[in-house]
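Structural overview for review
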Amino acid sequence: MNQDERRALLTQAFVQRFGQPPSIWVRAPGRVDLMGSHTDYNLGYVLTLPVDRDTWMAARPRTDRIACVQSLNAAGSSCFDVEAEVIARDEAVPWANYVRGVAAVFRTEGRPFTGFDSLAHSTIPLSSGLSSSAALEAATAMLLQALGGWQDEPVRLALLCQRAENRFVGVNCGILDQYTSILGQAGCALLLDCRDLTSRPVTVPADIQVVICDTRAKRELTGSEYGDRRAQCEEGARLLARFYPGVIALRDVSLAQFEAHQADLPEPVARRCRFIIEENERVLRLAEALPRGDRAAIRAVTAASYAGARDLYEIASPEMEAMLEAMQAGTGVIGARQAGAGFGGCMVAFVEAGATQAFEADVRRSYAAATGIEPEIYPVRAAAGAGECA
Ligand code: ADP
Ligand code: MG
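Quick caveat: nothing in here was measured; it's all calculated off a predicted structure. (Residues numbered from 1 in each chain as written. Chains lettered and ligands numbered in written order. Predicted model: local features only at pLDDT ≥ 70, side-chain atom pairs only at ≥ 80, totals over all residues. Heavy atoms only, no water.)

Considerations on the overall build of the protein chain
Counted only if it meets this: Secondary structure elements are defined from DSSP: runs of H or I of at least 4 residues count as helices, runs of E of at least 2 residues count as strands, and each element is numbered from the N terminus. As defined in this context, the radius of gyration uses C-alpha atoms, and a globule is described by 2.2 Å times the residue total to the power 0.38. When a residue's accessible area, from a 1.4 Å probe over protein chains only, is under 20% of the maximum for its type it is buried; when over 50% it is exposed; and in between it is partly exposed. Only the protein chains shown count as cover for residues, and all accessible areas are computed by the Shrake-Rupley method using a 1.4 Å probe. The positive count covers Lys and Arg only, the negative count covers Asp and Glu only, and His and the chain ends enter neither. Charged groups are reduced to one reference atom each: NZ for lysine, CZ for arginine, CG for aspartic acid, CD for glutamic acid.
Helix and strand content of the protein chain: 11 helices and 12 strands. The C-alpha radius of gyration computed for the protein chain amounts to 21 Å, which stays within 12% of the reference 21 Å derived for 390 residues, consistent with globular compactness. Taking the principal axes of its C-alpha atoms as reference, the protein chain extends roughly 65 × 50 × 35 Å. Evaluated residue by residue, the protein chain yields a buried proportion of 58% over its 390 residues. About 15,400 Å² of surface is accessible on the protein chain, with carbon and sulfur atoms providing 50% of the total. When the 39 basic and 48 acidic side-chain charges of the protein chain are each reduced to a single mean position, those positions are 2 Å apart.

A short note on the domain arrangement of the protein chain
The cut-off we apply is this: Boundary definitions for the domains trace back to an automatic or database domain assignment. Should any heavy atoms of two residues lie within 4.5 Å, those residues are counted as being in contact. Accessible area that two parts lose when put together, with a 1.4 Å probe and added across both, is what the buried area reports.
Entries for the protein chain in the domain assignment read domain 1 (3-202) and domain 2 (208-380). Spacing between the C-alpha centres of domain 1 and domain 2 amounts to 26 Å. The interface of domain 1 with domain 2 comprises 34 residues on the first partner and 41 residues on the second. For the domain 1 and domain 2 pair, buried surface summed over both sides reaches about 3,100 Å², with 62% attributable to carbon and sulfur atoms. The largest per-residue losses of area from domain 1 upon contact with domain 2 belong to Met 35, His 38 and Tyr 41, which jointly make up 22% of the total buried on that side.

Topic: the environment of Asp 152
Our working rule: What qualifies as a polar contact is a pair of N or O atoms within 3.5 Å, subject to a donor-acceptor requirement within protein and to the restriction that residues adjacent in sequence count only when both atoms come from side chains.
Here Asp 152 is to be found in the loop between helix H3 (132-148) and helix H4 (154-169). Residue class for Asp 152 comes out buried when judged on its relative accessible area of 13%. For Asp 152, the residues in contact, after removing those within four places along its chain, are Phe 106, Arg 111, Gln 145, Leu 157 and Leu 160. Polar side-chain contacts of Asp 152 include one of 2.7 Å to the side chain of Arg 111. Polar side-chain contacts of Asp 152 include one of 3.3 Å to the side chain of Arg 156.

As for the layout of surface pockets
Convention followed: A pocket, in this scheme, is an open set of points on a 1 Å grid over the protein atoms alone with protein on both sides within 12 Å along at least 5 of 7 lines, while a cavity is a set where a 1.4 Å probe fits but cannot get out; residues line either one if an atom lies within 4 Å of a point. Grid points are joined across faces, edges and corners, and a volume is the space filled by probe spheres set on the points. Nonpolar residues are Ala, Val, Leu, Ile, Met, Phe, Trp, Tyr, Cys and Pro. Charged residues are Asp, Glu, Lys and Arg, and all others, Gly as well, are polar.
Here the second largest pocket is characterised by a volume of approximately 430 Å³. Residue lining of the second largest pocket: 16 residues in total, with Gln 3, Arg 6, Asp 52, Arg 53 and Asp 54 positioned closest to the centre. Mapped onto the lining of the second largest pocket, the elements with two or more residues apiece are helix H1 (3-18), strand S2 (45-61) and strand S11 (376-380). For the lining of the second largest pocket, the element with the most residues is S2, which contributes 5 residues. Residues that form the lining of the second largest pocket fall into these classes: 8 nonpolar, 3 polar and 5 charged.

Notes on the nonpolar core
Rules: Note on terminology: a nonpolar core comprises buried Ala, Val, Leu, Ile, Met, Phe, Trp, Tyr and Cys residues joined through side-chain atoms within 4.5 Å.
Among the nonpolar cores identified, the biggest contains 83 residues, and Leu 34, Leu 47 and Leu 49 are the most heavily contacted of them. Of all the elements, H3 adds the most residues to this core, at 9 residues. Looking at this core, you find at least three residues from each of domain 1 (3-202) and domain 2 (208-380). Sequence-distant contacts of Leu 47, that is, excluding residues within four places in its chain, are made with Val 32, Asp 33, Leu 34, Met 35, Ala 189, Leu 190, Leu 191, Val 202, Val 283, Leu 286, Ala 287 and Leu 290. Counting residues in hydrophobic clusters, the runner-up holds 24 residues, among them Leu 240, Tyr 244, Phe 275 and Ala 309.

Considering the environment of Arg 31
Inspection of the secondary structure assignment puts Arg 31 in strand S1 (residues 24-35). For the pair Arg 31 and Ala 383, spaced 352 residues apart in sequence, the C-alpha to C-alpha distance is 9.1 Å. Leaving out residues up to four positions away in the same chain, Arg 31 has contacts with Thr 48, Leu 49, Pro 50, Val 51, Gly 129, Leu 130, Ser 131, Leu 176, Asp 177, Thr 180 and Gly 340.

Below, the structure written as structure tokens:
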């Protein structure tokens with residue numbers, strides 16, 4: 001589907017649902033981490049890529065105070081009063097809480113907006129680790145700006161979207177997803193410092209293609225896995241701070257410092273800490289190796305990242321294991337690793353640009369043979385951050 005077809009699809013559905021055509025068009029991209037699993041909430045680094053899969057919102061201001069949100073990706077309609085004392089959660093339409101949450105946060109922050117009808121449409125696979133949730137939040141933030149006629153600084157928008165997901169939706173995510181979706185730039189990855197929320201562009205060479213390999217094994221993150229990992233990292237940082245005053249997060253601990261006191265940490269806390277501290281260093285190594293096209297370094301650093309995710313952080317799954325094997329045997333592969341939070345979902349490969357099609361066919365065949373699941377395999381390019389649709 002090209003841009004015109006997508007616009008026509010949304011316009012038609014919008015008219016059907018709301019009786020008039022939309023007048024505001026906003027979008028926000030998904031993202032993939034090229035390196036840096038779970039480093040964001042440890043205030044470390046991530047090499048992150050905004051991708052050319054995105055969420056669009058078509059909207060139209062209303063003359064009353066009501067906002068009605070719908071999506072082509074999920075059922076249900078959720079309406080609320082934008083000037084209500086409290087904008088509450090909608091338990092009947094759970095996905096709408098990402099939109100309501102952003103609306104609630106902006107209202108609290110004194111950023112008013114009018115009522116509206118809106119229809120979302122995403123080409124990001126939902127719940128697969130490419131951050132459809134942050135894209136929906138970021139698109140909502142763009143919509144509220146357009147409706148209210150105000151503009152906030154991008155980093156502040158990202159923090160407010162994160163707050164909506166943390167406090168309103170109830171997912172204790174770091175800043176990575178919202179930052180990338182809002183501050184991403186077309187044509188490059190970002191080396192993000194999650195402590196001071198600054199980033200610098202990192203070139204992906206034209207002869208290296210980033211390819212998403214979706215295991216299509218749904219993540220089961222409703223459990224306590226994510227929260228457990230976070231708590232274990234926080235405990236590790238707290239224990240290490242006894243030896244190294246000034247340590248606030250694992251980001252502050254070098255590998256040598258960790259190894260000197262590894263024995264003072266209980267398991268699995270020690271393993272979790274080792275992974276984060278090593279992964280953080282790998283981000284800097286990849287940010288340096290990628291623009292140079294250093295194949296050997298890319299291969300080594302991605303392989304080490306996956307091994308750590310499997311053995312130390314324990315966020316791999318049988319499907320991820322099968323996918324890694326398929327990716328590593330694919331034609332033209334340079335390196336391969338997990339993406340997102342793990343536990344299934346998407347993985348990411350660096351592939352010789354000329355071999356992308358052969359790689360896709362190889363991986364599809366071997367992964368399907370090993371698991372009986374048809375994967376989704378597709379190249380991605382760095383897309384612009386959230387804004388109005390072109
Ligand atoms: P991820 O962000 O990796 O895709 P999450 O579990 O964080 O996974 O967020 C996925 C959830 O976000 C979906 O279950 C749904 O509630 C919501 N969501 C995201 N995009 C849309 C959309 N376009 N329409 C409706 N809901 C969406
Ligand atoms: Mg998400």
